[in-house]
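Residues per chain are reported as follows:
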Amino acid sequence: MSKAFDFIVLENIDSTNSYLKRKIKAGEIAADTAVLAKSQTNGRGRLQRNWEAEKGKSLTVSIALKCPPNPSLTLLCALGVFEALDDILGDKNLRIKWPNDLVHKGKKLCGILCERASDFTVIGIGINANNRIFPEEIKEKATSLTLLTGREYDIESLSKSVCEKVVNTLEKHRFALDENARDKYKSLCINLGKEVHFGSPLKKGIAEDISPLGELVVATESGYENVSFGDVFVSGIY
Ligand code: BTN
């Protein structure tokens, strides 16, 4: 990482994001701190979902950065994780599902949860690293680095390299989805050009673009809609 980073390793915690948010609120954390947990008891995903991680197999890390709030930050984080995983996989099948899932041949490899806590952003990253077996309900939808490469990964060094790529990407683009970042994101985004379903009640349309704010621009029967949150379903992808 270009900045000096504190890297904390915890045996067990409810959630690395929750841990950093508590520490930030208590004024006990310096900016640029990363926390890796060997296991989480209450891992959290986007949209109030749980995030299941397997001890010693899944990578669960969070980074606390002092930066202005920006809704497109989460897309930049996906670009940073992409860089790290692309170094490992090096094939054309690694893509981003809007807003920030990393997918390989339609199966989820990584999820990212960005949250604000006072003047910090906490970036939580969950990667299926050494997992070989997934619970029944996600086994058709998930994949892991080990399943894709046949290799085992050192979770701590992988976490450090992922955090480094994420922070470097954020700094390179000055914490905003500039034109270069947006073009790169668009070249990797698996939603674009596909029929997507979104919203409640469910609407459908063709995902056509990523707005400068990081929204998914969908052409529907009744005009363009800029989707900024929630689930977007793409057929053939989990
Ligand atoms: C998602 O795909 O819904 C986002 C998943 C984010 C999971 C990571 S694991 C590390 C950090 N701690 C959490 O509780 N969540 C994030």
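Residues numbered from 1 in each chain as written. Predicted model: local features only at pLDDT ≥ 70, side-chain atom pairs only at ≥ 80, totals over all residues. Heavy atoms only, no water.

> Just checking my understanding: could you explain the overall build of the chain for this structure?
Helix and strand content of the chain: five helices and twelve strands. In terms of overall size, the chain behaves like a compact globule, its C-alpha atoms giving a radius of gyration of 17 Å where 238 residues would be expected to give roughly 18 Å. Taken as a whole, the chain presents about 11,300 Å² of accessible surface, with 49% of it coming from carbon and sulfur. Across the chain, the 33 positively charged side chains and the 32 negatively charged ones have centroids separated by 1 Å. (Helix = DSSP H or I, 4+ residues; strand = E, 2+ residues; numbered from the N terminus. Rg over C-alpha atoms; globule rule 2.2 N^0.38 Å. Areas by Shrake-Rupley, 256 points an atom, 1.4 Å probe, with all protein chains shown as cover. Lys, Arg positive; Asp, Glu negative; His and termini not counted. Charge placed at Lys NZ, Arg CZ, Asp CG, Glu CD.)

> I would appreciate a short explanation of the environment of C114 in the present structure.
The residue C114 is located in strand β6 (residues 107-117) in this model. Distance from C114 to S187, taken between C-alpha atoms, is 22 Å for residues 73 residues apart in sequence. If near-sequence neighbours (up to four positions away) are discounted, C114 is found in contact with T74, C77, T121, V122 and I123. (Contact = heavy atoms within 4.5 Å.)

> Mind showing me how you'd approach the pairing of strand β4 (residues 94-97) here?
Side-chain positions along a regular strand alternate between the two faces of the sheet. Sheet topology places β4 next to strand β5 (residues 101-104); four bridges connect them, and they run antiparallel. Following the sheet pairing, R95 is matched in β5 by V103. (Pairing = 2+ DSSP bridges.)

> Help me understand the pattern of salt bridges in this model?
Between side chains of opposite charge, a pair can form when the charged atoms approach closely. For the coordinates displayed, the defined rule picks out 16 salt bridges. A salt bridge links K23 to E28, with the nearest nitrogen and oxygen atoms 3.1 Å apart. Here E28 falls in the exposed class, since its relative accessible area comes to 51%. Of the charged contacts in the structure, one is a salt bridge between D231 and R49, with a shortest N-O distance of 2.2 Å. Residue D231 is located in the loop between β11 (223-227) and β12 (232-234), and its partner R49 is located in the loop between β2 (33-40) and β3 (58-66); the two are separated by 182 residues in the primary sequence. Among the ionic contacts, a cluster of salt bridges with common partners joins E179, R182, K186 and D209. (Salt bridge = Lys/Arg side-chain N within 4 Å of Asp/Glu carboxyl O. Buried < 20%, exposed > 50% of the residue type's maximum accessible area, 1.4 Å probe, protein only.)

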